Amino acid sequence: MKVKYDELTIADDFLFCKIFETRIDLCKQVIEVITQREIKELTDVRAQKSEKSTIGVKGVRFDVIFKDDEDTVYNLEMQTTNRKNLARRSRYYQSTIDTSFLDSGGKYEDLPNSLVIFICTFDPFGYKKHLYTFRPTCTQDQSIVMDDGTYRLFVSTEGADSIGDECKDLLDYFGGRAVNGELAKNLQQEVNNAKLNEKWRSEFMQNMAFYMDAVSEGETKGRLEGRIEGLETGREEKGIQVFLRCMEKGMDREEAQSIAEISDEQVEKALAGKSPKQ
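Since the structure is predicted, the reported quantities are computational estimates derived from the model, not experimental observations.

Q: I'm lost on the pairing of strand β6 (residues 150-156) in this one. Help?
A: Looking along a regular strand, one sees the side chains alternate between the two faces of the sheet. Of all seven residues that make up β6, six are buried, and the element is covered over most of its length. Relative to β6, strand β4 (residues 114-120) runs parallel, the two sharing seven bridges. Bridging from a neighbouring strand, V116 pairs with R152 of β6.

Q: Looking at this structure, I do not really get the pairing of β4. What am I missing?
A: Across the seven residues that make up β4, a large majority, seven, are buried. Side chains S114, V116, F118 and C120 project from β4 onto one buried face, and the interleaved L115, I117 and I119 project onto a second face that is buried too. The pairing of strand β3 (residues 73-79) with β4 spans seven bridges and is parallel. Paired with E77 across the two strands is F118, which belongs to β4.

Q: What is the right way to look at unusual backbone geometry in this model?
A: Negative phi values dominate among residues other than glycine, just as trans dominates among peptide bonds. Backbone geometry places Q48, a non-glycine residue, at a positive phi of 50°. Structurally, Q48 can be placed in strand β1 (residues 42-51). Positive phi is not limited to glycine here, since K84 has a value of about 65°. Inspection of the secondary structure puts K84 in the loop between β3 and α3 (86-101).

Q: Which parts of the structure should I look at to understand the packing of helix α1 (residues 13-22) against helix α2 (residues 24-35)?
A: Angle between the axes and distance between the axes: these two values describe a pair of packed helices. At a minimum axis separation of 5 Å, α1 and α2 run at an interaxial angle of 105°. Classified by the angle their axes make, α1 and α2 are roughly perpendicular. Between α1 and α2, the contacting residues are F20, E21 and T22 on the first element and I24, L26, C27 and V30 on the second. For the contact of α1 with α2, the residue count by class is five nonpolar, one polar and one charged.

Q: Would you mind going over the pattern of salt bridges with me for this structure?
A: Working definition: two side chains of opposite charge can pair if their charged atoms are close together. Summed over the entire model, instances satisfying the criterion amount to 16 salt bridges. The closest approach of N and O atoms between E203 and K18, which form a salt bridge, is 2.9 Å. Of this pair, E203 sits in helix α6 (residues 198-229) while K18 sits in helix α1, and the two are 185 residues apart along the sequence. Overall, the relative accessible area of 26% leaves E203 in the partly exposed class. Given the relative accessible area of 15%, K18 is considered buried.

Q: I tried to follow helix α8 (residues 253-260) on my own but got confused; where do I start?
A: Because each turn of an α-helix spans 3.6 residues, side chains separated by three or four positions end up pointing in the same direction. Those residues of α8 that sit buried are R253, E254, A256, Q257 and A260. On an axial view of α8, the arc spanned by its buried residues comes to 165°, and they lie on one face. Positioned one or two residues after α8, E261 has a phi angle of 55°, which is positive.

Rules used throughout
Residues numbered from 1 in each chain as written. Predicted model: local features only at pLDDT ≥ 70, side-chain atom pairs only at ≥ 80, totals over all residues. Heavy atoms only, no water. Buried < 20%, exposed > 50% of the residue type's maximum accessible area, 1.4 Å probe, protein only. Helix = DSSP H or I, 4+ residues; strand = E, 2+ residues; numbered from the N terminus. Pairing = 2+ DSSP bridges. Axes fitted to C-alpha atoms, helices over the stretch in contact; angles between N-to-C directions. Parallel < 35°, antiparallel > 145°, perpendicular 65-115°, else oblique. Contact = heavy atoms within 4.5 Å. Nonpolar A, V, L, I, M, F, W, Y, C, P; charged D, E, K, R; others polar. Salt bridge = Lys/Arg side-chain N within 4 Å of Asp/Glu carboxyl O. Arc of directions from axis to C-beta.

Written as structure tokens, this is what we have:
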């Protein structure tokens, strides 16, 4: 479905990345509120950065990635669709950070601390919590933490537990509810400003044109297949055709899969040249 630029919110991937890359101060405040960490400075902030550790290996496109003053690497991701793969996806993102920030011949102790954060507009684990923080612990004694410097934090806008007012206001805002609190209001002002940014509008429209072109080609193929094999096969084939079209245009696998909205299994079938229900 075609999305209008004036209808975008902070939860949309395009504005989320643009705003946090240009307003580093707001990005810093969001991280501080969510993690309850005091950060002096953020450095090397980059949005929609693609990383690939080796040739032939699945790549990653980070929404926003940056360092703090203590050289901890943060990866901030916005998720509005629950594809049931966030646990393993976050694992892969964290491993990609490791390979990206450790030079060839470097020592293991030079690996930076890393924190992968997924802001979700759904409850990723179903326990009605706003924050799910994970660190590796010993199975035999949960008080023993393996200090490997890795953290994974899943933030849910749909939690029901008690959290601080500032964090609650921020998550309500990400969840599309009331704009309360200074930080949420400042973010919304940036969204309003973005609607007046003609350069961003043009970039978004170009991206949408590219997307609609890929969808159109996929729909044509999907309709033909749908007549033969039924509606469900048509939907799957459309997604695969969109995925392949995006890949042909040079898009990385992760981004193409996100646009096509197909499963990992369907991606593997597409790359192997198989039809959805062969």
